[in-house]
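Inside the fold
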Amino acid sequence: MSINHVRRLDPAFISVFAGALAAGFALFPVHYHIISFMVNYFAPLPLYFVGLGWGISKLVLAAGVAFGLSTIASGVSSSLVFSLTTLVPVFLISYRVKKGDPAGYIVSWVVGFSVATFLAVMLILSAQSINILELLQSWFAFFAKDQSLKNMQGQIMNILPGISSISWTMMCLVNASLAQRFLGRLRISERGYPLPGDTRLYENWDIVLAFCIVLMLTNSPLLVFIGKNIALMSCIPIFLVGLKAVYGWLEQFENPKLWLMGVVFMSIFLVWPGIIIVIFGVLEPTFHLYKRWTPHNKTDA
């Protein structure tokens, strides 16, 4: 279908179709192969396409269709989970984009939402006198049939919400980014992507990390658990701040973006590059490493 054909379609029809498509992707049978994973992973993509392209009003229609179909197929409980993990982030990101926030700020909004959701779940479980650590232990023991996973239970269990949150946050951002790129190619979105201002970031997450470290130094298992997981979540925006500082240093070489891709690739498969970048992200608000390391700033000085 050509660009003109897409632009001539009724936005209401696109919204209904996108909502049905998102529900279908989300309800796709989960099997342990790449096709099932990819279909479920990109379930929010049609909703981001509507929200970023035609606005919140059309997104309401698409989300209503998706929620209705999800409720019919899997029940109210599953639909509420679908709303929390898919619909709410789509509304949040679409609204912040329409407000003109740079992409770097939106990352912090999504991470903040994941932290708030984690704390809300902890509060609800605590109010019902449910021991979250025992609940996670029983859940992990049920799914970890392999002996190697059982051996890792003590290491993974206490940070499982943080790891899941990082994966979920990246899924939201990847889907939103792809939708914005598609809309740009179709000339539907008024906002270009990426824009120079998208590299602006909130740099106050080091305060959150410091508070989490204080929680981890307490003798309360619950506070240590909360501190570890929020610290992991906060590492996403801190990592981006550190990566920006690293890019400033790489600009002295040819093809700095290619070098940056190599650094990111190493951070995915190795632990220590990621830790170093997070340390740079913690130091950036105080020492302004990006300005110090960028070649043109050195020349101006």
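In this report, we go over the structure that sits alongside the text. (Residues numbered from 1 in each chain as written. Predicted model: local features only at pLDDT ≥ 70, side-chain atom pairs only at ≥ 80, totals over all residues. Heavy atoms only, no water.)

Take V110: it is sitting in helix 7 (residues 103-127). In the structure, V110 is positioned 62 residues away from C172 in sequence and 8.1 Å away in space, judged by C-alpha atoms. If we ignore the near neighbours within four places in the chain, the residues touching V110 are L92, I93, W168, T169, C172 and L173. (Helix = DSSP H or I, 4+ residues; strand = E, 2+ residues; numbered from the N terminus. Contact = heavy atoms within 4.5 Å.)

Attention shifts here to a nonpolar patch on the surface. Taken together, the side chains of F265, M266, I268, F269, L270, W272 and I276 define a hydrophobic patch exposed on the protein surface, amounting to about 760 Å² of accessible area. Among the elements of the structure, helix 14 (256-269) and helix 15 (271-287) are those that each provide at least two residues to the nonpolar patch. Ranked by residue count, the leading element in the nonpolar patch is helix 14, at four residues. The topology assignment puts L270 in the loop between helix 14 and helix 15. Since its relative accessible area comes to 38%, L270 is described here as partly exposed. (Patch = residues over 30% accessible without salt bridge, like charges linked within 9 Å, V, L, I, M, F, W, Y side chains within 5 Å. Areas by Shrake-Rupley, 256 points an atom, 1.4 Å probe, with all protein chains shown as cover. Salt bridge = Lys/Arg side-chain N within 4 Å of Asp/Glu carboxyl O. Buried < 20%, exposed > 50% of the residue type's maximum accessible area, 1.4 Å probe, protein only.)

Moving on to unusual backbone geometry. Its identity is not glycine, yet N255 carries a phi of approximately 55 degrees, on the positive side. Residue placement: N255 occurs in the loop between helix 13 (221-250) and helix 14. With relative accessibility at 53%, the residue N255 sits in the exposed group. Phi is positive for H288, which is not a glycine, with a value near 50 degrees. Here H288 lies in the loop between helix 15 and helix 16 (289-293). Under the relative-accessibility criterion, H288 is labelled partly exposed at 39%.

Judged by nonpolar contacts, the single largest core of 65 residues is most densely connected at L47, Y48, I93, V110, V111, F118 and C172. Here the element with the most residues in this core is helix 13; it accounts for 12 residues. Setting aside its immediate chain neighbours within four residues, C172 contacts Y48, P89, I93 and V110. (Core = buried A, V, L, I, M, F, W, Y, C linked by side-chain atoms within 4.5 Å.)

Axis separation between helix 5 (residues 56-74) and helix 6 (residues 76-98) bottoms out at 9 Å; the angle between their running directions is 165 degrees. Relative to helix 6, the element helix 5 lies roughly antiparallel. For the element pair helix 5 and helix 6, the recorded crossing hand is right-handed. On helix 6, the residues touching I56, L59, V60, A63, A66, F67, S70, T71 and S74 of helix 5 are V76, S78, S79, L80, F82, S83, L87, V90, F91, S94 and Y95. (Axes fitted to C-alpha atoms, helices over the stretch in contact; angles between N-to-C directions. Parallel < 35°, antiparallel > 145°, perpendicular 65-115°, else oblique. Left-handed = near helix turned anticlockwise from the far one by under 90°.)

A word on helix 15. The terminal C-alpha atoms of helix 15, which comprises 17 residues, lie 24 Å apart, in line with the 24 Å expected from a rise of 1.5 Å per residue. Inspection of helix 15 places P273, G274, I277, V278, G281 and E284 among the buried residues, and these make up the whole buried set. Those residues of helix 15 that are buried are in contact with helix 13, helix 14 and helix 16. Looking one or two places after helix 15, you find H288, whose phi comes out positive at around 50 degrees. (Expected span 1.5 Å × (residues − 1).)

Now for the packing of aromatic side chains. Scanning the model with the defined rule gives 11 aromatic pairs in all. Arranged with centres 4.8 Å apart and planes meeting at 50 degrees, the rings of F265 and F269 form a pair that is tilted. Taken together, the residues span about one helical turn, with F265 and F269 both in helix 14 at a distance of four residues. Look at F280 and W293: their rings are 5.2 Å apart centre to centre, the planes differ by 85 degrees, and that puts the pair in the edge-to-face class. Taken together, the residues span a long stretch of sequence, with F280 in helix 15 and W293 in helix 16 at a distance of 13 residues. Look at F280 and you get partly exposed, because its relative accessible area is 23%. Here W293 falls in the partly exposed class, since its relative accessible area comes to 22%. Here a set of aromatic residues connected by ring pairs shows up, and it is made of F37, Y41 and F42. Taking the ring centre of Y105 as reference, the NZ or CZ of R200 above it sits at 5.5 Å. (Phe/Tyr/Trp six-rings, centres within 6.5 Å; stacked < 30°, edge-to-face > 60°. Lys NZ or Arg CZ within 6 Å of the ring centre and 35° of its normal.)

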